[in-house]
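Each chain is listed here by its residues.
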Amino acid sequence: MLISTSRKPSQKTRKFCKNLARATGSSSVNRGKMNMRELLLKALELDEYNLAIVNEIKGNPSRISFYSNKGEILLTILIGVTLDNEKLNIAPSKRSG
């Protein structure tokens, strides 16, 4: 799975994506100006077949949306995240999808 950020992510969101990718054995890229199509092509280029996009509220990761390789949304998870210097703490709050 390719894990990416929303556009213009905060440092906390970028760090969260890198830690999440490392914990799940996935790839991670910063989105920059890429649109959904470009993200899906990047995933295929990296031999990843699904995409997760981490969105934020007020600079903190708040939602992870999972997409199929065709761009169809599979699942959205609302999360609360605190990032310590050494630990990654994730508290799921609600699930939809």
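Structure shown above.
Bear in mind the structure is a predicted one, so any value in this text is a computation, not a measurement. (Residues numbered from 1 in each chain as written. Predicted model: local features only at pLDDT ≥ 70, side-chain atom pairs only at ≥ 80, totals over all residues. Heavy atoms only, no water.)

Colleague: Before we move on, can you summarise the overall build of the protein chain with the specific residues and values?
Modeller: When its secondary structure is counted, the protein chain shows two helices and six strands. Seen in sequence order, the protein chain has helices and strands lined up from the N terminus as β-α-β-α-β-β-β-β. For the protein chain, the residues scored as buried account for 39% of the 97 residues in total. Within the protein chain, contacts between residues at least 6 apart in sequence are counted, and of these 46% link residues at least 24 apart. For the protein chain, the accessible area works out to roughly 6200 Å², and carbon and sulfur atoms hold 49% of it. (Helix = DSSP H or I, 4+ residues; strand = E, 2+ residues; numbered from the N terminus. Buried < 20%, exposed > 50% of the residue type's maximum accessible area, 1.4 Å probe, protein only. Contact = heavy atoms within 4.5 Å. Areas by Shrake-Rupley, 256 points an atom, 1.4 Å probe, with all protein chains shown as cover.)

Colleague: Please give an account of the pairing of strand β3 (residues 51–57) that cites residues and values.
Modeller: Of all the seven residues making up β3, five are buried; the element is thus mostly covered by neighbouring parts of the structure. In this sheet, β3 lies alongside strand β1 (residues 2–5) in parallel orientation, the contact comprising four bridges. Among the inter-strand pairings, L2 is bridged to a residue of β3, identified as L51. Bridge count for β3 against strand β4 (residues 60–67) is seven bridges, and the pairing is antiparallel. (Pairing = 2+ DSSP bridges.)

Colleague: Just give me the short version of unusual backbone geometry, but keep the residues and values in it.
Modeller: Positive phi outside glycine occurs at D47, with the angle close to 60°. Turning to its location among the elements, D47 is positioned in the loop between α2 (36–45) and β3. Under the relative-accessibility criterion, D47 is labelled exposed at 57%. Phi is positive for K58, which is not a glycine, with a value near 50°. Overall, the relative accessible area of 83% leaves K58 in the exposed class.

Colleague: Could you give an account of the environment of C17, naming the residues involved and the relevant values?
Modeller: When you line up the elements, C17 lands in helix α1 (residues 11–24). Residues C17 and V54 lie 37 residues apart in sequence; the distance between their C-alpha atoms is 7.2 Å.

Colleague: Break down the nonpolar core for me, citing the residues and quoting the values.
Modeller: Membership of the largest hydrophobic core is limited to 11 residues, which are I3, F16, C17, L20, A21, A52, V54, I64, F66, I79 and V81. Of all the secondary structure elements, the ones that give two or more residues to this core are α1, β3, β4 and β5 (73–83). Among the elements that line this core, the one with the most residues is α1, at four residues. In this structure, V54 is in contact with I3, S4, T5, S6, T13, F16, C17, P61, R63 and I64, ignoring residues within four places of it in sequence. Counting nine residues, the second-largest nonpolar core is a separate cluster that includes L40, A43, L51 and Y67. (Core = buried A, V, L, I, M, F, W, Y, C linked by side-chain atoms within 4.5 Å.)

Colleague: Please provide a residue-by-residue account of the pattern of salt bridges, values included.
Modeller: Counting across every chain of the model gives one salt bridge. Between E45 and K42 there is a salt bridge whose closest N-O contact spans 3.5 Å. With E45 and K42 both in helix α2 and three residues apart, the pair spans about one turn of that helix. Given the relative accessible area of 57%, E45 is considered exposed. (Salt bridge = Lys/Arg side-chain N within 4 Å of Asp/Glu carboxyl O.)

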